[in-house]
Amino acid sequence: MTEMISDDQRPSPEDSDAYADWVESMREKAKLSSADEIKQRREADFPEAIQGRWLDEMDPSDELLIRGSEFIRSGEPWPYLDKLLLTNDAGKIHLEIIFPENEEEGSSTSLFLMDDGALGYATWHEACTYLRPDA
């Protein structure tokens, strides 16, 4: 996988204030990226640990499929403008994805792999947990 954005000096996510500040600094760095850098991040595969099929634990008809660099929700491709890999240490994965509507809102969508193997999905107006169909 092509490294999207990482930083050896990132604080632990357990230190929520320091981590939030670091995430914001990474977002600011990403805004300064060239078109080629953004294209490279967008075309890079999502981390292997989150590849595959996921179902919303509250609404199993809401399916999320992550295949390579594709993000498909409820059977529809969701094109995105950019994605940032913020952590990938010892199975801890946190990605920020910028969809067109996020850009309009000045926000982002977070995907994070939780300790129990579930996949969290959060925007400022929606949050859900996805599980593997066989879990």
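It is not clear to me how the overall build of the protein chain should be interpreted in this structure. Could you clarify?
When its secondary structure is counted, the protein chain shows three helices and nine strands. Taken from N to C terminus, the helices and strands of the protein chain fall in the order α-α-β-β-β-β-β-β-α-β-β-β. Of all 135 residues assigned to the protein chain, the portion counted as buried reaches 41%. Here the contacts in the protein chain between residues at least 6 apart in sequence split such that 45% fall between residues at least 24 apart.

It is not clear to me how the packing of aromatic side chains should be interpreted in this structure. Could you clarify?
Note on aromatic pairs: each is described by the distance of the centres and the angle between the planes. Applying the stated criterion to the full structure yields seven aromatic pairs. Centre to centre, the rings of phenylalanine 46 and phenylalanine 71 are 6.3 Å apart; their planes meet at 45°, and the pair counts as tilted. Of this pair, phenylalanine 46 sits in the loop between α2 (35-43) and β1 (52-56) while phenylalanine 71 is found in strand β3 (residues 70-73), placing the two residues 25 residues apart along the sequence. Pair check on accessibility: phenylalanine 46 and phenylalanine 71 agree, each one buried. Feature note: the residues Phe46, Phe71, Trp78, Tyr80 and Phe99 constitute an aromatic cluster, connected by ring pairs. Taking NZ or CZ as reference, arginine 73 lies 4.6 Å from the ring centre of tyrosine 121, over its face. Directly above the ring of phenylalanine 46 sits lysine 83, whose terminal nitrogen or CZ lies 4.6 Å from the centroid.

Help me out: how do you make sense of the nonpolar core in this one?
Soluble globular proteins tend to pack their nonpolar side chains together in the buried interior. If you look at the biggest cluster of nonpolar residues, it comprises 18 residues, and the most contacted ones within it are Phe46, Ile50, Trp54, Ile66, Phe71, Leu111 and Leu119. Every element with two or more residues in this core is listed here: β2 (63-67), β6 (92-98), β7 (109-113), β8 (119-122) and β9 (127-131). Examining the composition of this core, we find that three residues originate from one element, β6, more than from any other. Setting aside its immediate chain neighbours within four residues, leucine 119 contacts Ile50, Trp54, Leu64, Ile66, Leu111, Phe112, Leu113, Met114, Cys128, Thr129 and Tyr130.

I keep staring at the pairing of β2 and nothing clicks. Help me out?
Looking along a regular strand, one sees side chains alternate from face to face of the sheet. Only one face of β2 is buried: it carries Leu64 and Ile66, and the other face, with Glu63, Leu65 and Arg67, is open. Examined bridge by bridge, β1 and β2 share four bridges and lie antiparallel to one another. Within β2, the residue paired with leucine 55 across the bridge is glutamate 63. The antiparallel hairpin formed by β1 and β2 contains six residues in its connecting segment.

Conventions we followed
- Residues numbered from 1 in each chain as written.
- Predicted model: local features only at pLDDT ≥ 70, side-chain atom pairs only at ≥ 80, totals over all residues.
- Heavy atoms only, no water.
- Helix = DSSP H or I, 4+ residues; strand = E, 2+ residues; numbered from the N terminus.
- Buried < 20%, exposed > 50% of the residue type's maximum accessible area, 1.4 Å probe, protein only.
- Contact = heavy atoms within 4.5 Å.
- Phe/Tyr/Trp six-rings, centres within 6.5 Å; stacked < 30°, edge-to-face > 60°.
- Lys NZ or Arg CZ within 6 Å of the ring centre and 35° of its normal.
- Core = buried A, V, L, I, M, F, W, Y, C linked by side-chain atoms within 4.5 Å.
- Pairing = 2+ DSSP bridges.

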